[in-house]
Amino acid sequence: MGWFLSTRDDVPSLESPPVGPLVSEAGPSKDEVTHMISKDAYSFAVRDIPGVSRYDGSQLASNSPCEDRFIHGTFSPYNDGKNWMAWAVFDGHAGWQTADLLQKQLLPFVRHSLSQAKPSSEGHASETSVQDAITLGFLALDDYTVKTALETSQSKMSLAEKVKKLLPAYSGSCALLSLFDSPTSTLHVACTGDSRAVLGQQGPDGKWEVIPLSVDQTGYNEEEIARLRAEHPDEKDMIKHGRVLGLAVSRAFGDTRWKWPLEFQREMKDRFGAPSPLTSKYDVRTPPYLTAEPVVTSTKIDPNKPSFMILASDGLWDMLSNQQAVNLVAKWIESSAGKEKKSEPESTYPELTYEPFDLRFKSNKDGRGTVQDENAAVHLVRNSLGGKHHELVAGRLAFTSPFSRHQRDDMTVQVVFFNVPGLEK
């Protein structure tokens, strides 16, 4: 249907009585807070993959539209009927397009690489061959995104088709992919950027150990700084205040302003609306400065030790440390919410009393931790925003885009439980 011309005398009236001084609406209520942080949540009991009990996930947007993406589910890397599981978080920046491409294509690229890996005499691919295959899959997809731009620009596609294909090269994204090889109980985690994975493992004494599965790749990471300085030895101003020519991460997909040669960047800006080169602000001499090559770790999951993995975009880790996050999930497991018992009345979690409050008080301390969500990922999101301090949580959620971005980032969280009894739905 196109536009229409009304022939009736129904022109909208703009008359309305004055309402007095402008007063903004009250912030979200407790029920509204719960709805906001849980409306995109999911939870799956896992019965067909030995070693995995259950996994939960949730996403809370700050940007509009949300720039994060994620995947979860089973797949067979070798077409031998033996299923693995995959979970991934893609934290986009400067747009959602690169993260969206990763959501659709990264696992297929990695799966193709894995299918080429040769199994050992025991019928399983070695940890090294799996790590190499994951790395090849990451690099192949980024090459497809970044290095085929010249081919795209010279093709006979329409302008609209060219622009659509180029958009994932203009924006950028981190990638955090976790693959669980159930036959060998091996958890492979591949990280490009600053999304993070951490393992909580329960010892014989009942205490939960924190085991990092990835390390943030930023301009604050000494190993990344050394790598970049070795690659660009004459560019002393390349890294400042933890940023690589202004970018917070030192590895990423897309982000062609940090990868394409300057002459090609200028051509692509003039012909296809690519972002302006960084030369107006930074001393750009020898791109590429970024790589999508992941750092891959492989960890054996002990079937005799209950454990869980937390994967999340940096929106969560801006608010919580590894230790805090593991402690919160451990508390959740021990709670009635984690064991899927009947919900306790809200009075079980008494509200804290505070003096008049504003956003100068940002610490997630003062006993604000609470357990009131049946989804472990939602539980982490709530506690990262302020826990039982409703005024703090509601205040942070009252911000809408674009102002919310100054208070909180997009949050995408997944929690995977290994050999943890009592979590079945």
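Cut-offs and rules
Residues numbered from 1 in each chain as written. Predicted model: local features only at pLDDT ≥ 70, side-chain atom pairs only at ≥ 80, totals over all residues. Heavy atoms only, no water. Helix = DSSP H or I, 4+ residues; strand = E, 2+ residues; numbered from the N terminus. Buried < 20%, exposed > 50% of the residue type's maximum accessible area, 1.4 Å probe, protein only. Polar contact = N/O pair within 3.5 Å; in protein donor to acceptor, adjacent residues only side chain to side chain. Contact = heavy atoms within 4.5 Å. Pairing = 2+ DSSP bridges. Core = buried A, V, L, I, M, F, W, Y, C linked by side-chain atoms within 4.5 Å.

An unreviewed UniProt entry annotates the protein as PPM-type phosphatase domain-containing protein of Penicillium decumbens.

Draft legend 1. How the structure looks around the side chain of H232. Inspection of the secondary structure assignment puts H232 in the loop between α6 (222-231) and β10 (239-240). A relative accessible area of 5% places H232 in the buried class. Within the local environment of H232, its side chain forms a polar contact with the backbone oxygen of P288, the two atoms lying 3.3 Å apart. Beyond its immediate stretch of four places on either side in the chain, H232 contacts M238, T286, P288 and Y289.

Draft legend 2. Spatial organisation of the pairing of strand β3 (residues 68-75). Burial analysis of β3 places 6 of its 8 residues in the buried class, which makes it a mostly covered element. Pairing between β3 and strand β4 (residues 84-93): 8 bridges, direction antiparallel. For F70, the partnering residue across the bridge sits in β4 and is V89.

Draft legend 3. Fine view of the nonpolar core. If you look at the biggest cluster of nonpolar residues, it comprises 35 residues, and the most contacted ones within it are I310, L380, L385, V413 and F417. Among the secondary structure elements, those contributing two or more residues to this core are α1 (30-38), β14 (307-312), α8 (314-317), α9 (322-334), α10 (376-385), α11 (390-398) and β15 (411-418). Broken down by element, this core gets its largest block of residues, 7 residues, from α9. The contact partners of F417, leaving out residues within four places of it in the chain, are G51, V52, S53, R54, D56, S307, F308, V329, W332, I333, A376 and L423. One finds F75, A86, L106 and V296 within the second-largest nonpolar core, a separate group that totals 26 residues.

Draft legend 4. Highlighting the side chain of S76. Position of S76 among the secondary structure elements: in the loop between β3 and β4. Contacts of S76, omitting those with residues within four sequence positions, involve G81, K82, N83 and R111.

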